[in-house]
Amino acid sequence: MSVRVVARLRPLLENELEKDTIVEAVAASADSGADPTIVRIPNPKNEAEAYSFVFNSVYDQQTTQQQIFDHEIAPTVKHLFKGFDVTIFAYGVTGTGKTHTMKGGKALADRGVIPRLLSAVYRRSRKVEKDTEGNTQVEVTMSYYEIYCDKVFDLFDDKRSPAGLPIRDNGGKTVVVGLTEKPCATLKEFEQLYDQANLNRSTSATKLNASSSRSHAVLCVKVVQTTGDHVKISTASAIDLAGSEDNRRTENGKERMVESASINKSLFVLAQCVEAISKKQSRIPYRESKMTRILSLGQNDGFTVMILNLAPVRSYHLDTLSSLNFANRTKKIEVNEVENKPFFRPGSKQEKAATVSSLQAPAVNRQPLR
Ligand code: ADP
Ligand code: MG
């Protein structure tokens, strides 16, 4: 199992101002051709300090949908056809671009990871069939569900029960019992089914008093390659996660508390799984939340890509920092130019306090990053 964690900064929206941009994508080396791998953000308690978080890649505001797909997703399609599972997560606060990244807009250039992935899957299916002179047949089916308050709801089922679908262990693999699987032989067929199911998502949201940002939407695309008696099955899962904002800060209702408790728990377990996989640990705590359990995260030789969506503006400062802390606990602290440091009269109370707190600060890297 391998995992990539990448960050994507969205552009400013119409009502956001240039001067409020506080998050930067930075390259680790000064070479002009070097791609960014660092997200830099000020310490909200002391703007003279900045935190730097290192990722496998960082995509800045100008990055197109095509670039995200080409760099992060296209390389996984080959593995999918070799029989490995592929899992793609969009993680982030509501309003940072998760749905834009995964689903995207209608215009060709705006299409997100999901329609591009499907398009690549169909292209490769035709190639496999052609290369084997028809000896291998490829079938594609999809299922689409959401996980809300730790319950699984089939997005193809209009009359779903409030209890959700049961999940069961089936020879070591976790399966959702009674989930609809729809065959989709072409991109057009896929898109029709996908759009129809997405409608179900928003109408059911009002029924459940949930908004889409409070559930995880999981799309599973199963690729079945049959050559005579030999069948190779692999699944690509694309997940638009629930918003990672701390709901407790703004909402105190009981229902909201239940929601945020289950969102927080599943995102927490997801983070632990991603960290365990990236550190090649043998124990991956995937059984500890329904989402990671259904996806069997870490239990096979698959590939996982987590896209951390970020809004670069000040109004998201604390939420952005907590997203970054979630995705990457090995941040570095650097100090900005001396001029920006608060100045305290020598011997004053403030100066002493500042000295003490810097002595107590955890191990920091004070080498400025370039
Ligand atoms: P989320 O799903 O995380 O709540 P959305 O995908 O709905 O966030 O994005 C919030 C807003 O920002 C939307 O209006 C969306 O069109 C816009 N947006 C997000 N990312 C981009 C991007 N890379 N380019 C252009 N607009 C974007
Ligand atoms: Mg969304």
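See the structure shown above.
Scoring rules and cut-offs
- Residues numbered from 1 in each chain as written.
- Chains lettered and ligands numbered in written order.
- Predicted model: local features only at pLDDT ≥ 70, side-chain atom pairs only at ≥ 80, totals over all residues.
- Heavy atoms only, no water.
- Helix = DSSP H or I, 4+ residues; strand = E, 2+ residues; numbered from the N terminus.
- Buried < 20%, exposed > 50% of the residue type's maximum accessible area, 1.4 Å probe, protein only.
- Contact = heavy atoms within 4.5 Å.
- Areas by Shrake-Rupley, 256 points an atom, 1.4 Å probe, with all protein chains shown as cover.
- Near = heavy atom within 4 Å.
- Polar contact = N/O pair within 3.5 Å; in protein donor to acceptor, adjacent residues only side chain to side chain.
- Nonpolar A, V, L, I, M, F, W, Y, C, P; charged D, E, K, R; others polar.
- Phe/Tyr/Trp six-rings, centres within 6.5 Å; stacked < 30°, edge-to-face > 60°.
- Lys NZ or Arg CZ within 6 Å of the ring centre and 35° of its normal.

Whenever I open this one, the overall build of the protein chain confuses me. Can you help?
Counting its regular elements, the protein chain contains eight helices and 15 strands. Taken over 370 residues, the protein chain has a buried fraction of 47%. Across the protein chain, every contact between residues at least 6 apart in sequence was considered, and the portion connecting residues at least 24 apart equals 67%. As presented, the protein chain carries roughly 19000 Å² of accessible surface, and 52% of it is formed by carbon and sulfur atoms.

Honestly, the site of ligand 1 in this entry has me stumped. Any pointers?
Around ligand 1, the neighbouring residues are Arg-8, Arg-10, Pro-11, Leu-13, Val-93, Thr-94, Gly-95, Thr-96, Gly-97, Lys-98, Thr-99 and His-100. Between Thr-99 and ligand 1, the recorded distance is 2.8 Å, taken from a side-chain N or O atom to an oxygen atom. Computed on the free molecule, ligand 1 has an accessible area of 550 Å², of which 66% lies beneath the protein chains in the complex. In terms of residues, the shell around ligand 1 owes the most to one element, helix 2 (residues 98-102), which gives three residues. Considering only residue class, the shell around ligand 1 consists of three nonpolar, six polar and three charged.

What am I meant to see in the environment of Val-223 here?
Structurally, the position occupied by Val-223 is in strand 12 (residues 216-227). Measuring from C-alpha to C-alpha, the distance between Val-223 and Ser-296 comes to 17 Å, with 73 residues separating the pair along the chain. Apart from the residues within four sequence positions on either side, Val-223 is in contact with Leu-80, Phe-81, Val-121, Val-138, Glu-139, Lys-232, Ile-233 and Ser-234.

Which parts of the structure should I look at to understand the packing of aromatic side chains?
We describe a pair of aromatic rings using the distance from one ring centre to the other and the angle between the two ring planes. All chains considered together, the criterion is met by four aromatic pairs. Their ring planes at 20° and their centres at 5.2 Å tell us that Phe-190 and Tyr-194 sit as a pair that is stacked. Of this pair, Phe-190 and Tyr-194 both sit in helix 4 (residues 187-207), four residues apart, which is roughly one turn of that helix. Given a relative accessible area of 0%, Phe-190 falls into the buried group. A relative accessible area of 5% places Tyr-194 in the buried class. Linked through ring pairs, Tyr-144, Phe-190 and Tyr-194 together constitute an aromatic cluster. Sitting over the face of the ring of Phe-156, Lys-182 holds its NZ or CZ atom 5.4 Å from the ring centroid.

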